[in-house]
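Observations on chain architecture
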Amino acid sequence: MISHLLRHGDTGHGGFRGRLDDPLTDLGWQQMEQAVASWRGNRIVCSPRQRCRHFAENLATRLQVPLTVDERFSELDFGGWEGHTAAELIRKDPQTLAAFWRDPWQQPPPEGETLDHFCQRVEAGWIESMQQYAGQTVLLVTHGGVIRLLHHRLNRTRRSDFLTYPVPHGSLHAVNDWTKNESHPA
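Throughout what follows, the structure given in this document is the object of discussion. (Residues numbered from 1 in each chain as written. Predicted model: local features only at pLDDT ≥ 70, side-chain atom pairs only at ≥ 80, totals over all residues. Heavy atoms only, no water.)

**A word on helix α6 (residues 144-155)**
- The first and last C-alpha atoms of α6 sit 16 Å apart over 12 residues, in line with the 16 Å expected at 1.5 Å per residue.
- Most of α6 is tucked away, with 10 of its 12 residues classed as buried.
- All of the buried residues along α6 are G144, G145, V146, I147, R148, L149, L150, H151, H152 and N155.
- Just beyond α6, the residue with positive phi is R156, at close to 50°. (Helix = DSSP H or I, 4+ residues; strand = E, 2+ residues; numbered from the N terminus. Expected span 1.5 Å × (residues − 1). Buried < 20%, exposed > 50% of the residue type's maximum accessible area, 1.4 Å probe, protein only.)

Here you go:
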């Protein structure tokens, strides 16, 4: 089962990065190394984006565990917002950004992926991984949006709280801690 989720570290870029394939900075590598310093498990699964994959490949080699790269754990596709910061979007189209922050489920980024589609693909990857790796201790190296979505779904938090769960760069999240300590109405 997937026991921990690791968000990629700093890339030196702000804003909506989604499908962009930014490498990690030295700080990003350090953040991730610190987060998993004591993690030991049987397998690593990761997003194909190099900010996740390169670290996961390195860690899998060092720990001599198998690595699975799974596209379903990629970040939300932000469409026309890719590469732009919130400040830029506020100047360019404040109404659309405000609508997204208010209700991302009903107001996806222009030309971007809907949260319903995002949810379907991430959950399909999650369910298959949980079945395929049952009995194993698995680390998922992924993105902030994926971790927020899994936190939301596993804890049945309100849809309106989806974007509020904090997921800093290089942060490690224990899945069992979520399901023990949090439960909110859907």
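**Considering the sheet that holds strand β3 (residues 67-69)**
- An order of β3-β2-β4-β1-β5 is seen for the five strands of this open sheet, with the pairing classed as mixed. What marks the edges here is a single partner per strand, and that holds for β3 and β5 (172-174). Mean inter-strand twist for the sheet, computed between neighbouring axes without regard to direction, equals 20°.
- Note that strand β2 (residues 43-46) and strand β4 (residues 138-142) share four bridges and pair parallel. By the bridge assignment, C46 is partnered in β4 with V141.
- Contacts between α6 and the sheet are confined to β1 (2-7), β4 and β5, with β1 contributing the most and set at about 140° to the helix. (Pairing = 2+ DSSP bridges. Axes fitted to C-alpha atoms, helices over the stretch in contact; angles between N-to-C directions. Contact = heavy atoms within 4.5 Å.)

**Digging into unusual backbone geometry**
- Although it is not a glycine, E111 sits at a positive phi angle of roughly 60°.
- By the secondary structure assignment, E111 is in the loop between α4 (94-102) and α5 (115-132).
- At R156, a residue that is not glycine, the phi angle is positive and equals roughly 50°.
- Tracing the chain through its elements places R156 in the loop between α6 and β5.

**Focus on the pairing of β1**
- Burial runs high along β1: five of the six residues are buried.
- As judged from the five bridges shared by β1 and β4, these two strands associate in the parallel manner. What sits directly across from I2, in β4, is V138.
- One ladder, built from three bridges, connects β1 with β5; its direction is antiparallel. Its bridge partner lying in β5, L5 is registered against H173.

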